[in-house]
Amino acid sequence: MSVLITGGLGYIGSHTAIELLQSGKEIVVIDNLCNSKEIVKDKIICITKKDFKFYNINLLNGNAVEKVFKENNIKSVIHFAALKAVGESVKNPLEYYDNNIISTLVILKLMKRYGIKDIVFSSSAAVYGNAESMPIKENQSLSVNNPYGRTKLIIEYILKDLYKSDNTWNIALLRYFNPIGAHESGLIGEDPNGIPNNLLPYISKVAMGQLKEVSVYGNDYPTIDGTGVRDYIHVVDIAKGHIKALEKLDNKLGLVIYNLGTGKGVSVLQIIELFKKVTNKDIPYKIVGRREGDVAQCYADPTKAQKELGWQAEKNINQMCKDAWNWQRKNPNGYN
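Nothing here was measured: the structure is a model prediction, and the numbers come from that model.

Asker: Go over the nonpolar core, please, and point to the residues and values.
Answerer: Core analysis: the largest hydrophobic core is formed by 40 residues, its most contacted members being Ile5, Leu20, Ile27, Ile44, Phe52 and Val120. In terms of residue count, helix H8 (residues 235–249) provides more of this core than any other element does, seven residues in total. Counting residues in hydrophobic clusters, the runner-up holds 28 residues, among them Ile57, Ala64, Ile101 and Leu159.

Here you go:
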C-alpha cells in the first residue's frame, strides 16, 4: 500500500517524501514540474537509498491521473500540488482558482471512485486572514486577503462538505505557517523559478550576491519594528507533521484540523539580522510600500497538534537559517 503525494518533488513535498520513505512507507509521486525539477527524485533516492514511482502529470488531466490510481495500490493521499505565491495570485487569480481548486476536485473524485478515503491536505495560515488575536488557534474565524488564501479556504470547505456527506472519510487539514530551511544534507531545498517570492530564498540570493538587495514590504505595521511578523518553521518539522497526521488518520477519526507552527513570531528585519550572523554576509535591504494581500502578523498556537498528534517543531530559527544557507551555498544555482 502506497501514499500518493501530489506535488511530491516540490519544496515541502520532497522533504515529506524523504520522511515517509525513511519511516518505511512506500510512496507514489505526481508532479507536473511547473515549480520543481525532476532531478529532485534522484536527490531523494540519494538521501533515503529507496526508489519510488514518479509520474510527470498535470492534475488537471483527469485521465492521466486515473492511470496512476489504476497502476498503484494507493492507501492515502497527501495533497500538496498548488500554485502558492500570494503576489502572483493577486495578479493572476483565474489561474490560481483553476489550478488549485479544479486539481483538488480531480483528486477527490478519483479517490471516491477507487474507495480511498484518507487524505492530508496542505492548507495554509492564509485562511486566517487578519486574525482577530495572536497566537492563532484552529477555532478562530476564517477570512482571506488574497486569491491564494481563498483557494485554500474554498478547498477546506469542499473537504468539510465531503466529510459531512460521508463520514467514512478521514481528512486532516494542516494549516502551516512559513516553511523555511532545507534538508541537513544540503541536497534538497527551496528552488523557486525566477526571482523568489518568499523571503528566505530571496535573502539567500542577496547573501550570494545574485540579487542586489531585499525589498522589505512596509515598515509601518503595528509590530516590534514595523515590519511584518511571521511564524517561520523548519520544512523538515512540517514534513514530520504529515507523518503524524497520517498516523492519526489510521485511527479513523474523521476530519481534524491542525496548525503547524512554532508559536513564535519573527519580523522581517529580525530574520535579516539572524541571517547576517549565520552567513557572516552583508544583506542590504530597502523599505518599500506594503504589498497587497499581506497581513501585519501571523503566528500559531500549535498546542492542539502537540496534544493530539504528539508533534511539535524541534528546530529553532538559527537552525532554519543555517540549513537554508547550507543549501544555497552548495547549490548557488539551485537544481540547475
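Moving on from the coordinates now.
Asker: Pulling in residues and values, what's your account of the sheet that holds strand E9 (residues 229–230)?
Answerer: Read from one edge of the open sheet, three strands run E12-E9-E14, paired in mixed fashion. Either end of the sheet is taken by a strand with one partner, and the two such strands are strand E12 (266–267) and strand E14 (297–298). Where E9 meets E14, two bridges bridge the pair, whose relative direction is parallel. Bridging from a neighbouring strand, Val229 pairs with Gln297 of E14.

Asker: Residues and numbers for the sheet that holds strand E4 (residues 74–79), please.
Answerer: Ordered in space as E3-E2-E1-E4-E5-E6-E11, the seven strands form an open sheet in which the pairing is parallel. Edge strands, defined here as strands with exactly one partner in the open sheet, are strand E3 (53–55) and strand E11 (255–260). Recorded for the sheet is a direction-independent mean angle of 20° between the axes of neighbouring strands. In this structure, strand E6 (residues 170–176) lies alongside E11, joined through six bridges in parallel fashion. Bridge pairing in E11 links Ala172 to Val256. Set on the sheet, helix H6 (residues 147–165) makes contact with strand E5 (118–124), E6 and E11; between it and E5 the angle comes to about 150°. H8 rests against strand E1 (2–6), E4, E5, E6 and E11 of the sheet, and its axis sits at about 160° to E6.

Rules behind the numbers
Residues numbered from 1 in each chain as written. Predicted model: local features only at pLDDT ≥ 70, side-chain atom pairs only at ≥ 80, totals over all residues. Heavy atoms only, no water. Core = buried A, V, L, I, M, F, W, Y, C linked by side-chain atoms within 4.5 Å. Buried < 20%, exposed > 50% of the residue type's maximum accessible area, 1.4 Å probe, protein only. Helix = DSSP H or I, 4+ residues; strand = E, 2+ residues; numbered from the N terminus. Pairing = 2+ DSSP bridges. Axes fitted to C-alpha atoms, helices over the stretch in contact; angles between N-to-C directions. Contact = heavy atoms within 4.5 Å.

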